[in-house]
Amino acid sequence: MGTSADNPLDYNVFCVVQAGRLEYEAIIFARSFRAANPGFRGRLLMAEPSGARWSQPTQISGPVRELLLAEGVEFIPFENQHFGESYPQGNKIEAMAAMPGAPFIFFDTDTVFTGPLASVAFDFHRPSASMRREGTWPAPPLYGPGYTGIWKALYDRFGLDFESSLDLSQFDEHWERYLYFNAGWFFGADAQAFGERFLHYAHAIRWDTPDELACQSLDPWLDQIALPLVIHSFGGGRPGPDLAGLDGDVSCHYRALPLLYAREGDAAVEMVEQVCAPNPVKKILKAYEPAKKLIYQGKGRALRAMFDRSALPRREQALRNAIRREGLWLR
């Protein structure tokens, strides 16, 4: 089915899939998507990278491909020209060049769906992205520049209006004052146009870095540095209440199965276990150690019982460390 900006029900959903962890996560992604979105009218696309920038094979295995095809997944191949193994987060940027030039929603592959996307009021002409993030970038040096100097240098570099991007309810030099997203989901009106600008900005930041960023690490943050600039350039911004279902009752970016069991809601855990239960799925996923131990051997439920989800550590790294101490950090 084609898509058009005039029919917001006909958009494409896509993620990136390749050999290894992502192909197993893609099973949960696709099966939960179909379970939660039986009336979805768009296309469910999975972009598959390839090319000389990878030292290991990237094509997913035959059994996983067959299972995903049975869920109505369409595979979109693309060749990495710029990033690849040295920066795999760049896949989401480069994949967009292979996507149809139509409204889209990108999700990281480590996402489980628990409700219909039709319940979310997307305005594809006002792009946005996930606010489920921490103040991971930048890390201003002691003697400057600060947050304002660093972010303003980027807006100036691409001819964007910096002041209109600020959340003035936040204090000056507090990281939340500045437009910053997690790249676990984002959407826009035209994947081709969005992807072209995303690549342009990310490439320039990486290989023509403004002086104000000289002390800053770009890895693994490059996609999250460029994304707010792209969204702002297309007239978008922070998600409003109409998008609350994302990172809420509709989708859950769990990041890793141990984190899913330790901190996410019951609906997300139950959906994962439901879609992984059929024997043909179990036969494939048992080859993936985290799924084997956490889902099928019940260690995920045991891990879940160890944590009070109303009193979790504020920072994800602290939670990861607590899971490691239990010997259950599996990814």
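Residues numbered from 1 in each chain as written. Predicted model: local features only at pLDDT ≥ 70, side-chain atom pairs only at ≥ 80, totals over all residues. Heavy atoms only, no water.

One pass over the structure, following the stated rule, counts 21 salt bridges. The residue Arg132 makes a salt bridge to Glu264 at a minimum N-O spacing of 2.8 Å. Within this pair, whereas Arg132 is found in the loop between β6 (128–130) and α4 (147–157), its partner Glu264 is found in the loop between α7 (257–263) and α8 (266–276), the two being separated by 132 residues in sequence. What makes Arg132 partly exposed here is its relative accessible area of 27%. Linking Arg255 and Glu316 is a salt bridge whose minimum nitrogen-to-oxygen distance equals 3.6 Å. Taken as a pair, Arg255 in the loop between β8 (251–253) and α7 and Glu316 in helix α12 (residues 316–325) lie far apart in primary sequence, 61 residues in all. Residue Arg255 shares its accessibility class with Glu316, and that shared class is buried. One salt-bridge network, in which partners are shared between bridges, spans Arg132, Arg255, Arg263, Glu264, Glu316 and Arg320. (Salt bridge = Lys/Arg side-chain N within 4 Å of Asp/Glu carboxyl O. Helix = DSSP H or I, 4+ residues; strand = E, 2+ residues; numbered from the N terminus. Buried < 20%, exposed > 50% of the residue type's maximum accessible area, 1.4 Å probe, protein only.)

As a further point, take the packing of aromatic side chains. Considering all chains together, one arrives at 30 aromatic pairs under this definition. Between the aromatic rings of Phe104 and Phe186, the centroid separation amounts to 6.1 Å while the plane-to-plane angle is 80 degrees, which identifies the pairing as edge-to-face. Of this pair, Phe104 sits in strand β4 (residues 104–107) while Phe186 sits in strand β7 (residues 182–188), and the two are 82 residues apart along the sequence. For the ring pair Phe107 and Phe113, a centre distance of 5.0 Å and an interplane angle of 85 degrees mean the geometry is edge-to-face. Assigned by exposure class, Phe107 and Phe113 land together as buried. An aromatic cluster of three or more residues is present, and its members are Tyr11, Phe29, Phe33, Phe40, Phe107, Phe113, Phe122, Phe124, Trp185 and Phe187. (Phe/Tyr/Trp six-rings, centres within 6.5 Å; stacked < 30°, edge-to-face > 60°.)

Summarising the model, the protein shows a mean pLDDT of 95, and 97% of its residues fall at 70 or more. In this model residues 1–7 is a low-confidence stretch, pLDDT under 50, and it forms 14 contacts with partners more than four residues away in sequence or in other chains. (pLDDT = per-residue confidence, 0-100. Contact = heavy atoms within 4.5 Å.)

In space, the 6 strands of this open sheet follow the order β3-β2-β1-β4-β7-β6, with mixed pairing throughout. Each edge of the open sheet carries a strand with a single partner, namely β3 (73–79) and β6. The mean angle between the axes of side-by-side strands here comes to 25 degrees, regardless of whether they run parallel or antiparallel. Note: strand β1 (residues 12–16) against β4, 3 bridges, orientation parallel. By the bridge assignment for β4, Phe14 is matched with Phe106. Strand contacts of helix α5 (residues 191–207): β4 and β7, with the helix running at about 135 degrees to β7, the strand carrying the most contacts. Relative to the sheet, helix α6 (residues 222–233) contacts β6 and β7, its axis offset from that of β7 by approximately 25 degrees. (Pairing = 2+ DSSP bridges. Axes fitted to C-alpha atoms, helices over the stretch in contact; angles between N-to-C directions.)

In this model α5 runs 23 Å from its N-terminal to its C-terminal C-alpha over 17 residues, within 8% of the 24 Å that 1.5 Å per residue would give. Taken residue by residue, α5 has Ala191, Phe194, Gly195, Phe198, Tyr201, Ala202, Ala204 and Ile205 as its buried positions. Where α5 is buried, its residues meet α3 (91–94), β4, α4, β7 and α6. For α5, the side-chain oxygen to backbone nitrogen distance between the N-cap and Gln192 is 2.9 Å, and the N-cap itself is Asp190. (Expected span 1.5 Å × (residues − 1). Polar contact = N/O pair within 3.5 Å; in protein donor to acceptor, adjacent residues only side chain to side chain.)

Quick look at the nonpolar core now. Of all hydrophobic cores here, the largest spans 63 residues; its most connected members are Met46, Leu68, Leu117, Phe122 and Leu257. If you tally residues by element for this core, the top one is helix α1 (residues 21–36), at 8 residues. Those residues in contact with Leu117 that lie beyond four places of it in its chain are Tyr11, Val13, Phe33, Asn37, Ile105, Phe107, Phe122, Leu246 and Val250. If you look at the next biggest cluster of nonpolar residues, it comprises 48 residues, including Met96, Leu154, Phe181 and Leu227. (Core = buried A, V, L, I, M, F, W, Y, C linked by side-chain atoms within 4.5 Å.)

Moving on, we come to the pairing of β4. Covered by surrounding structure in β4 are Phe104 and Phe106 together with Ile105 and Phe107, the residues of both alternating faces. As judged from the 4 bridges shared by β4 and β7, these two strands associate in the antiparallel manner. Across the sheet, residue Phe107 finds its bridge partner in β7, namely Trp185.

Let us look at the packing of α4 against α6. Where α4 meets α6, the closest approach of the two axes is 11 Å, and the angle between their N-to-C directions is 55 degrees. Classified by the angle their axes make, α4 and α6 are oblique. Seen from above, α4 lies across α6 with right-handed handedness. Residues Trp151, Leu154 and Tyr155 of α4 form the contact with α6, whose own contacting residues are Gln224, Ile225, Pro228, Leu229 and His232. (Parallel < 35°, antiparallel > 145°, perpendicular 65-115°, else oblique. Left-handed = near helix turned anticlockwise from the far one by under 90°.)

Residue Pro138 is bonded to the preceding Trp137 through a cis peptide linkage, with omega at -5 degrees. Following the sequence through the fold, Pro138 ends up in the loop between β6 and α4. Pro145 follows Gly144 through a cis peptide bond whose omega is 0 degrees. Looking at the secondary structure, you find Pro145 in the loop between β6 and α4. Its identity is not glycine, yet Asp247 carries a phi of approximately 60 degrees, on the positive side. Secondary-structure assignment places Asp247 in the loop between α6 and β8. Of note in the backbone geometry, Arg255 takes a positive phi value of approximately 75 degrees without being a glycine. Residue Arg255 is classed as buried on the basis of its relative accessible area, which comes to 12%.

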